[in-house]
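A structural walkthrough
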Amino acid sequence: GYLARLSRQHTTAVAGFDLTFSPVKSVSTLWAVADLPTAAAVERAHHAAVADALAFIEAHALYSRLGSGGVRQVDVRGLIGAAFTHRDSRAGDPDLHTHVAVANKVQTVDGRWLAIDGRVLYKANVAASEVYNTQLERHLTEALGVRFTERPDTGTGRRPIRELDGIHPHLLQRWSTRRQTIEVRRSVLAQEFQARHGRPPTPIEQIGLAQQATLDTRDAKHAPRSLTEQRADWRAQALQVCGGTVGLDRMLGRVLHPQAGWRPENSDAVADAAWMEATAAAIVATVEGHRSTWQTWHLRAEAYRQARTATLTADAVEPLVDALVARAVGVHSVPVTHPTNDPISEPRVLRRRDGTSVYSVAGAQQFSSRRILDAEQRLVTLAGR
């Protein structure tokens, strides 16, 4: 019993989860300086994208656990949360974002109130973020006719960042004060780490340094301002950067009225059979460039990124992503973990709504690719030789 207690998985109880949904800086910029009807349309698109992301979490990542040691993962009725929309950053820059405080209590189908299975929620957080990003683009495109393009200054090894086309780059820089402060502090911490350990920090250690830099540079919140006061200050700052009213109006015209017939490279592809096959292969190729094994969460997150380049409505995104993930799993991926070959099939009462066993963890199956497995075999052969 003593050994069992020592080997038991350690858990940390939490009262809830903070889910934060924040658009790219160009969206907050348009919302801050556009006329009130346009700003309201941007905010509606933001709230719609948040709702889409929460619906994704409820459909794919929300479970609870029953039984000794929480061995059974069971369906629940839905999440309970409160959404708080903020308008600016601690530096006072426009930063439209929403915090959703999710209570760590869910109701099982049979009526019991239990804690959320945080394992799956944690695994799905990147995919949920990409749901928000993708749907925000679609909602804004449908409501305002704007276009998004990839930023040319995306860092090496990072996924491309898509911004609204036509926003003045100096204005984006002017309203990224908080990020710039964090980056300066992170650079200092990295230099100190190098001097102390005689080597650069690993990627995991870099994340820790970035989190420390965020806390080290966290100023006290400024005095509250009304939206009218904020918009007046932001317009004055935008006039300085854009060269007066004429420059600001010209920028807004470029954003809200993109050139007719203009198409950014690799954008607005038609989601036909050939595109589906090429995109599913590209999803796996991208994922295998960053990891040797993956789960459906990784494929789904990349599928949402790829879906942004196709011509489709917001309602068509989810079915398209489902089809891409199914093809990426069934055709281009190789399962490397398998369920036990138990000859006994669970009765319906021990299966979740999607037909999977309550004794399996949703999305836990690991996949790789034939290219990675072949490369691994070559290494093993060479090592034996």
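Now for a look at the structure at hand. Here the structure is a predicted model, which is why all the values come from computation and not from measurement. Residue numbers restart at each chain and count upward from 1, following the sequence in its written direction. Side-chain atom pairs in this predicted model are given and counted only at pLDDT of 80 or more, local residue features only at pLDDT of at least 70, and totals for whole chains, interfaces and linings cover all residues. As a rule here, side-chain values come from all non-hydrogen atoms in the structure, and water together with hydrogens is ignored.

Topic: the overall build of the chain
The line we're drawing: Think of it this way: any DSSP run of H or I at least four residues long counts as a helix, any run of E at least two long counts as a strand, and we number them from the N terminus. A radius of gyration in this sense is built from C-alpha atoms; the matching globule rule multiplies 2.2 Å by the number of residues raised to 0.38. Buried residues are those whose accessible area, probed at 1.4 Å on protein chains only, stays under 20% of the maximum for their type, while exposed residues exceed 50% and partly exposed ones sit between those limits. Any pair of residues with heavy atoms lying within 4.5 Å of one another is described as a contacting pair. All accessible areas in this document rest on Shrake-Rupley with a 1.4 Å probe, and a residue is counted as covered only by the protein chains that are shown. Positive charges come from Lys and Arg, negative ones from Asp and Glu, while His and the chain ends are left out of the count. Note that the charge is assigned to NZ on lysines, CZ on arginines, CG on aspartates and CD on glutamates.
Secondary structure assignment for the chain yields 14 helices and eleven strands. A globule of 385 residues ought to have a C-alpha radius of gyration of about 21 Å, and the chain, at 24 Å, matches this closely. Expressed as lengths along the three principal axes of its C-alpha atoms, the size of the chain is roughly 75 × 55 × 50 Å. A total of 385 residues make up the chain; the buried ones form 37% of that total. A separation threshold of at least 6 residues defines the contact pool for the chain, and within that pool the share at least 24 residues apart is 72%. Taken as a whole, the chain presents about 21500 Å² of accessible surface, with 55% of it coming from carbon and sulfur. Across the chain, the centroid of the 47 positively charged side chains sits 5 Å from that of the 40 negatively charged ones.

Describing the packing of helix H9 (residues 227-242) against helix H10 (residues 244-256)
To be explicit about the condition: With axes taken as lines fitted to C-alpha atoms, and helix axes fitted only over the stretch in contact, angles between N-to-C directions fall between 0 and 180 degrees. Here the word oblique covers every angle except those under 35 degrees (roughly parallel), over 145 (roughly antiparallel) and from 65 to 115 (roughly perpendicular).
With their axes 8 Å apart at the nearest point, H9 and H10 run at an angle of 95° to one another. Considering the angle they form, H9 stands roughly perpendicular to H10. Residues Arg-235, Ala-238, Leu-239 and Cys-242 of H9 form the contact with H10, whose own contacting residues are Gly-244, Thr-245, Gly-247, Leu-248 and Met-251.

Brief notes about the environment of Gln-194
Turning to its location among the elements, Gln-194 is positioned in helix H7 (residues 177-197). With relative accessibility at 36%, the residue Gln-194 sits in the partly exposed group.

Comments concerning a nonpolar patch on the surface
To keep it simple, the criterion reads: Without a salt bridge and with relative accessible area above 30%, a residue can belong to a patch; like charges are then joined within 9 Å and nonpolar side chains (Val, Leu, Ile, Met, Phe, Trp, Tyr) within 5 Å. Here, a salt bridge means any Lys or Arg side-chain nitrogen found within 4 Å of an Asp or Glu carboxyl oxygen.
A surface patch of nonpolar side chains, amounting to about 380 Å² of accessible area, comprises Tyr-2, Leu-3 and Leu-6. In this fold, Leu-6 is placed in helix H1 (residues 2-7).

With respect to the sheet that holds strand E4 (residues 81-88)
Going by this rule: Here, a strand pair is defined by DSSP locating no fewer than two bridges between the strands.
Taking strand neighbours across the sheet as the criterion, the three strands line up as E1-E5-E4 in an open arrangement whose pairing is antiparallel. Each end of this open sheet is capped by a strand with a single partner; those strands are strand E1 (16-21) and E4. The sheet shows a mean angle of 20° between the axes of neighbouring strands, taken without regard to direction. By the bridge criterion, seven bridges tie E4 to strand E5 (residues 94-103) in an arrangement that is antiparallel. Looking at E5, one finds that Thr-85 is bridged to Thr-98. Along the sheet, helix H3 (residues 36-60) makes contact with E1, E4 and E5, crossing E5 at roughly 30°.

A few points about the side chain of His-139
Mapped onto the secondary structure, His-139 falls in helix H5 (residues 125-144). Owing to a relative accessible area of 17%, His-139 belongs among the buried residues under this scheme.

Digging into the side chain of Glu-137
Here Glu-137 lies in helix H5. Given the relative accessible area of 5%, Glu-137 is considered buried. Sequence-distant contacts of Glu-137, defined by excluding residues within four places in its chain, comprise Phe-148, Arg-162 and Arg-308.

Some details on the packing of aromatic side chains
Ring pairs (aromatic) are described by centroid distance and by the angle formed between their planes. Cut-off, in case you're wondering: For Phe, Tyr and Trp, where Trp contributes only its six-membered ring, two rings pair if their centres lie within 6.5 Å, and the inter-plane angle classes them as stacked under 30 degrees, edge-to-face over 60, or tilted in between.
Throughout the structure, instances matching the rule amount to three aromatic pairs. Each ring, one from Phe-21 and one from Tyr-132, has its centre 5.7 Å from the other, and the planes form 45°; the classification is tilted. One end of the pair, Phe-21, is in strand E1; the other, Tyr-132, is in helix H5, with 111 residues separating them in the sequence. This pair shows no difference in class: Phe-21 is buried, exactly as Tyr-132 is. Aromatic pair Trp-31 and Trp-234: ring centres 5.7 Å apart, planes at 55°, arrangement tilted. Placement of Trp-31 in helix H2 (residues 25-33) and of Trp-234 in helix H9 is noted, with a sequence separation of 203 residues between them. When its relative accessible area of 3% is taken as the criterion, Trp-31 is described as buried.

Some remarks on the pairing of E5
Most of E5 is tucked away, with seven of its ten residues classed as buried. The sheet contact formed by E1 and E5 spans six bridges and is antiparallel. Within E5, the position partnered with Leu-19 by the bridge is Val-100. Linking E4 to E5, which pair antiparallel, is a turn of five residues; within it Gly-92 sits at a positive phi near 90°.

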